[in-house]
Amino acid sequence: MLENLKKEAFETNLAIVQHKLVVLTWGNASAIDRASGVMAIKPSGVAYDTLTWQDMVLVDLEGKVIDSKLKPSSDTLTHLEIYKGFVEVGGIVHTHSPWATSWAQAGKSIPVLGTTHADHFSGDVPCLPPLTLGQVEEGYEKLTGSTLVDHFLSNQINPLHIPACLLSGHASFVWGKSTAKALENAIALESCAQMAYHTLMLNPAANFPDYILNKHFTRKHGKDAYYGQKG
Ligand SMILES: [Zn+2]
């Protein structure tokens, strides 16, 4: 079981490189087994080309390493806060993919400007302000995750409807019910970030009607979805 969890996290860590969301070691992916309360995540600072599935580090929900000599990713506590706050999430992808990261560095949410975005995200992908000096000193990684969760809860954003968030001056965290879904959402985010940039360059006043946004999101998601094949 946990061997499979490690393999799942490993495959996702390879996939984010294959999909050009990660260069060097600028990213990490994790998978959680809710039944045992265990997360598998990439080890800290290990080059992707030498990584094996056995290197994935298992930690409990408090971040305690279960069975590894390797240190888990330095973003481990952020991943755990997102899993604890969003109980339906099964996989998380964190990358410094260039287009999404450009928006994060500009401190700007990615606006929904067309149906491509609307098929994956039911509204703007928010960009959170940087943590304060006090928060960074108190617990940078943990508070990065908990402020992200708080933002979604306090603004009543369904994390499965907008499964991504930008952090000012940093990059994105993207999630999904499964690691496969988290990966798909990360690919979609990067592409939507690139298109939004070009759209606003061509027309700074570009606008997308809410009723088409709602139509596109609900035909792919939720109880009345009808996109794709049955079963
Ligand atoms: Zn990062």
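Refer to the structure printed above.
Residues numbered from 1 in each chain as written. Predicted model: local features only at pLDDT ≥ 70, side-chain atom pairs only at ≥ 80, totals over all residues.

Student: With reference to specific residues and values, describe the overall build of the protein chain.
Tutor: Helix and strand counts for the protein chain come out as seven helices and seven strands. Its helices and strands in sequence order give the protein chain the pattern α-β-β-β-α-β-α-α-β-α-β-β-α-α, from N to C terminus. By the compact-globule yardstick of 17 Å for 231 residues, the protein chain fits well, its C-alpha radius of gyration being 17 Å. Counting only C-alpha atoms and orienting by the principal axes, one finds that the protein chain spans roughly 55 × 50 × 35 Å. Looking at the 231 residues of the protein chain, the share that counts as buried comes to 40%. When contacts within the protein chain are restricted to residue pairs at least 6 apart in sequence, those whose partners lie at least 24 apart make up 64%. (Helix = DSSP H or I, 4+ residues; strand = E, 2+ residues; numbered from the N terminus. Rg over C-alpha atoms; globule rule 2.2 N^0.38 Å. Buried ≥ 20, exposed ≤ 12 C-beta atoms within 10 Å, placed from the backbone. Contact = placed C-beta atoms within 7 Å.)

Student: Please give an account of the sheet that holds strand β7 (residues 172-176) that cites residues and values.
Tutor: Working definition: the strands of a sheet are paired by backbone hydrogen bonds and lie parallel or antiparallel to each other. Spatial ordering of the open sheet is given by β3-β2-β1-β4-β7-β6-β5, a layout of seven strands whose pairing is mixed. Every interior strand has two partners, whereas the edge strands, β3 (57-60) and β5 (127-128), have only one. Helix α1 (residues 2-18) contacts β1 (27-33), β2 (38-41), β3 and β4 (91-95) of the sheet and is inclined by roughly 155 degrees relative to β1. Along the sheet, helix α2 (residues 76-85) makes contact with β1, β2, β3, β4 and β7, crossing β2 at roughly 140 degrees. (Pairing = 2+ DSSP bridges. Axes fitted to C-alpha atoms, helices over the stretch in contact; angles between N-to-C directions.)

Student: How would you summarise helix α5 (residues 133-154) if you had to cite specific residues and measurements?
Tutor: Since the α-helix advances by 3.6 residues per turn, residues separated by three or four positions end up pointing in the same direction. In a regular helix each residue adds 1.5 Å, so 22 residues correspond to 32 Å; α5 covers only 22 Å between its end C-alpha atoms and thus falls short of that length. Helix geometry: α5 is bent most strongly at Gly139, by close to 115 degrees. If you check which residues of α5 are buried, you get Leu143, Thr144, Gly145 and Leu148. Check the buried side of α5 and you find it contacts α2, β5, β6 (164-167) and β7. (Expected span 1.5 Å × (residues − 1). Bend = angle between axes of the 7 residues up to and from the residue.)

Student: Give a description of the packing of α2 against α5 that names residues and reports values.
Tutor: Contact pair α2 / α5: the axes reach a minimum separation of 7 Å and the direction vectors enclose 30 degrees. What the angle tells us is that α2 and α5 run roughly parallel. The two elements α2 and α5 meet at a crossing, and its hand is right-handed. Residue-level contacts link Leu77, Thr78, Leu80, Glu81, Ile82 and Gly85 of α2 to Glu141, Lys142, Thr144, Gly145, Ser146, Leu148 and Val149 of α5. Class assignment of the residues belonging to the contact of α2 with α5 gives a composition of five nonpolar, five polar and three charged. (Parallel < 35°, antiparallel > 145°, perpendicular 65-115°, else oblique. Left-handed = near helix turned anticlockwise from the far one by under 90°. Nonpolar A, V, L, I, M, F, W, Y, C, P; charged D, E, K, R; others polar.)

Student: Any chance you could break down the pairing of β2 for me, citing the residues and the numbers?
Tutor: Pairing between β1 and β2: four bridges, direction antiparallel. When the bridges of β2 are listed, Ala31 appears paired with Ala40. Here β1 folds back onto β2 in antiparallel fashion, the turn holding four residues, of which Gly37 has a positive phi close to 65 degrees. As paired elements, β2 and β3 share four bridges and run antiparallel to each other. When the sheet's bridge partners are listed, Ile41 is paired in β3 with Val57.

Student: Account for unusual backbone geometry, naming residues and giving values.
Tutor: Both trends apply: most residues other than glycine have a negative phi, and most peptide bonds are in trans. Residues other than glycine seldom take positive phi values, yet Leu24 does so here, at roughly 50 degrees. Tracing the sequence through the fold places Leu24 in the loop between α1 and β1.

Student: Which residues make up the pairing of β6, and what values go with them?
Tutor: Residues of β6 alternate between two faces, with Ala164 and Leu166 on one and Cys165 and Leu167 on the opposite face, all of them buried. The sheet contact formed by β5 and β6 spans two bridges and is parallel. Bridged to Cys127 within β6 is Leu166. Each parallel crossover has a hand, and for β5 linked through α5 to β6 it is right-handed. Sheet topology note: the β6/β7 ladder contains three bridges and is antiparallel. (Right-handed = clockwise from strand over helix to strand, strands pointing away.)

Student: Can you explain the environment of Met56? Please cite residues and give values.
Tutor: With respect to the helices and strands, the residue Met56 is situated in the loop between β2 and β3. For Met56 and Lys42, which are 14 residues apart along the polypeptide, the C-alpha to C-alpha distance reads 5.1 Å. Those residues in contact with Met56 that lie beyond four places of it in its chain are Lys6, Ala9, Phe10, Ala40, Ile41 and Lys42.

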